[in-house]
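Coordinate analysis (summary)
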Amino acid sequence: MAKVYDAIIIGSGPAGYTAAIYAARANLSVLVFQGYQVGGQLMLTSEVENYPGFEEGILGPTLMEKMEQQARRFGAEMLPEDVTAVDFSRRPFVITSDSGSYLARAVIIATGASAKWLGLPSEQRLQGRGVSACATCDGFFFRGKEVAVVGGGDTAMEEALFLTRYASHVTVIHRRDTLRASKIMQERAFKNPKISFIWNSEVIEVLGEDAVTGLRLRNVKTGEEQTLTVEGLFLAIGHQPNTSLFRGLLQMDEAGYIIPVEHTMTNIPGVFAAGDVTDHRYRQAVTAAGDGCRAAIDLERWLESQA
Ligand code: FAD
């Protein structure tokens, strides 16, 4: 008969690995589907300076490797595969990947959210070398430097305002001639002497060999091109939660973020969610890890209640 895991965890970012550490250490049998991006979003970055416990900072991939080893130490099994289907309509739940179907008494979804990028080769090449999608994470590295923010919504204004604490100047680049951001955020941004705007424009190339030195912009109305000298580019054009597998099954908001209904438990008893997949507000490694801990404790208590 096929093994039934106490917990299957989908995702190997800080939320998934922390859930695995707690669940495995509570003597539960645990399988982690690590997915296409083993280690999650922090694999895309270099220095992480705001994760507690590493006073000198730590490389993102090193931090994630340590979390994985910690979960393995307590017996969590790892599969570097994507989950391709889930069946939450029967118990045990059935989780399917390319290598087969796996059974679980309970499931934690920690599939994260992906930042939306412009899709330029130069942008991809310079990710972590001046191109970022997180001002809270990387703003500190741009003290006294000129940076640009792409976007026109509330997040873009928040990122721009936050960056003024460090950067000497912040240029917001927006495709339209008006902002989507709320009135209050617009006013704050317009009032800030460190922020200026370039309207009706898009980034067509990020300049620089090993680090960002500037941007090539095109006016979408006139086609005119210009170069902007900056050392940082922050994308604030939204995030996409990785929840397509669960659409129609789990309660979600309009953007596709899972909405837990009781602590970390979703509308399906025994299915929990943690990390960026439920969080469009904080989006930090430490909050994701905290959520993973909460989900594992909730799962453990729920399993006990079922015994
Ligand atoms: P993620 O880290 O997004 O992990 C999601 C996991 O789900 C991945 O392992 C993926 O493979 C897996 N997955 C998705 N779909 C499937 C599927 N179908 N089947 C199986 N697995 C699946 N935060 C900080 O606190 N400090 C920083 O300095 C910092 N820097 C950052 C730099 C960059 C470039 C980026 C992009 C983010 C940064 N962040 C930082 C944010 C931080 O990385 C995230 O908040 C955190 O990783 C979220 O953790 P998570 O576990 O919820 O999801």
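Quantities reported herein were computed from a predicted structural model and do not represent experimental measurements.

Next up on the list: the overall build of the protein chain. Assigned secondary structure in the protein chain consists of seven helices and 19 strands. Against the 2.2 N^0.38 benchmark of 19 Å for 307 residues, the protein chain shows a C-alpha radius of gyration of 21 Å, consistent with a compact globule. C-alpha extents for the protein chain along the principal axes are approximately 65 × 40 × 35 Å. The proportion of buried residues among the 307 residues of the protein chain is 52%. Positive and negative side-chain charges of the protein chain, numbering 29 and 36 respectively, have mean locations separated by a distance of 3 Å.

Quick look at the UniProt feature "domain: FAD/NAD(P)-binding" (unreviewed entry) in the protein chain now. Using the residue numbers shown here, the UniProt feature "domain: FAD/NAD(P)-binding" (unreviewed entry) corresponds to residues 5-292. Along residues 5-292 one finds 22% helix and 29% strand; the C-alpha atoms at either end are 18 Å apart.

Okay, the environment of Asn 50 next. If you trace the backbone, Asn 50 turns up in the loop between β3 (47-48) and β4 (58-59). Given the relative accessible area of 39%, Asn 50 is considered partly exposed. If we skip the residues at most four places from it in the chain, Asn 50 touches Thr 136, Cys 137 and Gln 284.

Let's shift gears to the pairing of strand β1 (residues 4-10). A large share of β1 lies buried, amounting to six of its seven residues. In the sheet, β1 pairs with strand β8 (residues 100-109) via six bridges, with the strands oriented parallel. Bridge pairing in β8 places Ile 8 opposite Val 107. Here four bridges tie β1 to strand β2 (residues 30-33), and the two strands are oriented parallel to one another. When the bridges of β2 are listed, Ile 9 appears paired with Val 32. As for the winding sense of the linkage, the β-α-β connection from β1 through helix α1 (residues 14-25) to β2 is right-handed.

Taken together, 32 residues are adjacent to the ligand, and Gln 37, Gln 41, Val 83, Asp 276 and Ala 285 come closest. Within the backbone of Thr 111, a nitrogen or oxygen atom sits 3.4 Å from an oxygen atom of the ligand. Considering the ligand on its own, with 1000 Å² of exposed area, one finds that the protein chains cover 96% of that surface. Split into classes, the residues belonging to the shell around the ligand amount to 14 nonpolar, 14 polar and four charged.

Scanning the model with the defined rule gives eleven aromatic pairs in all. Their ring planes at 35° and their centres at 6.4 Å tell us that Tyr 51 and Phe 54 sit as a pair that is tilted. When its relative accessible area of 15% is taken as the criterion, Tyr 51 is described as buried. Arranged with centres 5.0 Å apart and planes meeting at 55°, the rings of Phe 190 and Phe 197 form a pair that is tilted. Its relative accessible area of 17% is what places Phe 197 among the buried residues. Among the aromatic residues, those joined into a cluster by ring pairs are Phe 88, Phe 93 and Phe 246. Against the face of Phe 140 rests Arg 143, its NZ or CZ located 4.0 Å from the ring centre.

Core analysis: the largest hydrophobic core is formed by 36 residues, its most contacted members being Val 30, Ile 108, Phe 272 and Leu 299. Counting residues per element, the ones that place at least two in this core are β1, α1, β2, α2 (60-73), β8 and α7 (285-306). At eight residues, the largest contribution of residues to this core is made by α7. Ignoring sequence-local partners within four residues, the contact set of Phe 272 consists of Ala 106, Val 107, Ile 108, Ile 109, Thr 264, Met 265, Thr 266, Ala 295, Asp 298, Leu 299 and Trp 302. Counting residues in hydrophobic clusters, the runner-up holds 23 residues, among them Ile 10, Val 83, Tyr 102 and Val 107.

Conventions we followed
Residues numbered from 1 in each chain as written. Predicted model: local features only at pLDDT ≥ 70, side-chain atom pairs only at ≥ 80, totals over all residues. Heavy atoms only, no water. Helix = DSSP H or I, 4+ residues; strand = E, 2+ residues; numbered from the N terminus. Rg over C-alpha atoms; globule rule 2.2 N^0.38 Å. Buried < 20%, exposed > 50% of the residue type's maximum accessible area, 1.4 Å probe, protein only. Lys, Arg positive; Asp, Glu negative; His and termini not counted. Charge placed at Lys NZ, Arg CZ, Asp CG, Glu CD. UniProt positions renumbered as here; feature names shortened; annotations may be inferred. Contact = heavy atoms within 4.5 Å. Pairing = 2+ DSSP bridges. Right-handed = clockwise from strand over helix to strand, strands pointing away. Near = heavy atom within 4 Å. Polar contact = N/O pair within 3.5 Å; in protein donor to acceptor, adjacent residues only side chain to side chain. Areas by Shrake-Rupley, 256 points an atom, 1.4 Å probe, with all protein chains shown as cover. Nonpolar A, V, L, I, M, F, W, Y, C, P; charged D, E, K, R; others polar. Phe/Tyr/Trp six-rings, centres within 6.5 Å; stacked < 30°, edge-to-face > 60°. Lys NZ or Arg CZ within 6 Å of the ring centre and 35° of its normal. Core = buried A, V, L, I, M, F, W, Y, C linked by side-chain atoms within 4.5 Å.

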